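One-letter residues, chain by chain:
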Amino acid sequence: IMFTSDDRAVVWDDAGTLHLYDREALREVREFKASAPLTYVALSANGRILAAGGRGGLPIALWDVDTGRLLSQVEGHRTVTASLALSPDGQLLVSSGKDSPELNRFGRLTQDGEGSIRVWDATTGIDRRRIKLEKTWADEVAFTPDGRMFAAGLTDGTIRLCESVSGAESRRIETSGRPLGCLAFASDGKTLAWAEAMFPEPGIQMSSIHLADVASGRELWRRETHAGGTYSLAFSPDGENLASSGENVIRVREVSTGKETRPA
């Protein structure tokens, strides 16, 4: 579930249909139909553009939220579109995914193989930049609040900070070495939080949340949190608290100390 800037709700289901609801009236306003089941959906900060991607090279679709009009369809990643991010002004789309199909013995995607990060013009669908990745792929991407940079969390355990327009890498943060999942920037863009991806092999393992200074790449703190992996991260609007979800629990921490204030 995602909320637009005017407090409407976007909900998507396993069949590949997205629904826009009037939150006050509890009434569906419109539907956005994708061509196949979806793996990732993104909404621009201004609530005007909706993007959705899936598996098997199917196109990434971009819609105008207010009218329901399909703006464009851009090339999807060959195996899976793992993550999407729209710049705050809705002008740029960054997609990440895997381009070489490799499965482990459980039939799941491995962390190996080649992937790519692509930067698109969100309104025209023009491909502005393609970043090829060898022996790794990006499982999560996120824009800074000012839209000038984006972060990509790679399965090789690194975070790459890139210029939004050019795609040029400006900084690389070496992490714990585990594949990365969630990424989130604080509202001032000065700090970045991340957590490990869900573990591909069976068994319970503890994941950690990390907080780093964006300018220097220096890690500020690290805290063990959810067993089995962390599903998502979100900063509060004032940047003072960080929420995480996993193991059927939502945990809230003080950004300044990393101290847990409450589970839910």
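Model, not experiment: these values are computed from the prediction. (Residues numbered from 1 in each chain as written. Predicted model: local features only at pLDDT ≥ 70, side-chain atom pairs only at ≥ 80, totals over all residues. Heavy atoms only, no water.)

**Student:** Explanation requested: the pairing of strand β3 (residues 17-22) in the structure shown.
**Tutor:** Working note: regular strand, side chains alternate between the two faces of the sheet. As paired elements, strand β2 (residues 9-12) and β3 share 4 bridges and run antiparallel to each other. By the bridge assignment for β3, Val 10 is matched with Leu 20. The turn joining β2 and β3, which pair antiparallel and follow one another in sequence, is formed by 4 residues; a positive phi near 100° is taken by Gly 16. Sheet topology note: the β3/strand β4 (residues 27-33) ladder contains 6 bridges and is antiparallel. Residue pairing for β4: Thr 17 is matched across the bridge by Lys 33. Taking the residues that link successive antiparallel strands as the turn, the β3-β4 hairpin has 4 residues, and the phi of Leu 26 there is positive, at about 55°. (Pairing = 2+ DSSP bridges. Helix = DSSP H or I, 4+ residues; strand = E, 2+ residues; numbered from the N terminus.)

**Student:** Sorry, what's going on with the sheet that holds strand β1 (residues 2-3) here?
**Tutor:** Picture the strands of a sheet paired through backbone hydrogen bonds; they go either parallel or antiparallel. If you trace the 4 strands from one edge of the open sheet to the other, you get β1-β2-β3-β4, paired in antiparallel fashion. Looking at the sheet topology across the chains shown, the edges are occupied by β1 and β4.

**Student:** Just checking my understanding: could you explain the pairing of strand β15 (residues 158-163) for this structure?
**Tutor:** Counting buried positions along β15 gives 5 out of 6 residues, so the element sits mostly inside the fold. Examined bridge by bridge, strand β14 (residues 149-154) and β15 share 5 bridges and lie antiparallel to one another. Within β15, the position partnered with Ala 152 by the bridge is Arg 160. A loop of 3 residues connects β14 with β15, the two strands running antiparallel in sequence, and Gly 157 in this loop sits at a positive phi of about 85°. Two successive antiparallel strands, β15 and strand β16 (residues 169-174), enclose a turn made up of 5 residues, where Gly 167 displays a positive phi of approximately 80°. (Buried < 20%, exposed > 50% of the residue type's maximum accessible area, 1.4 Å probe, protein only.)

**Student:** Would you mind showing me how to read the packing of aromatic side chains here?
**Tutor:** Geometry of an aromatic ring pair is reported as the spacing of the ring centres plus the angle between the planes. Under the criterion given, the structure shown has 2 aromatic pairs. Their ring planes at 55° and their centres at 5.6 Å tell us that Phe 32 and Trp 63 sit as a pair that is tilted. Remark: Trp 63 occurs in strand β7 (residues 60-64) and Phe 32 occurs in strand β4; sequence separation between them is 31 residues. Judged by its relative accessible area of 1%, Phe 32 falls in the buried class. Considering the side-chain rings of Phe 143 and Phe 150, the 6.1 Å spacing of their centres and the 65° angle between planes classify their relative orientation as edge-to-face. (Phe/Tyr/Trp six-rings, centres within 6.5 Å; stacked < 30°, edge-to-face > 60°.)

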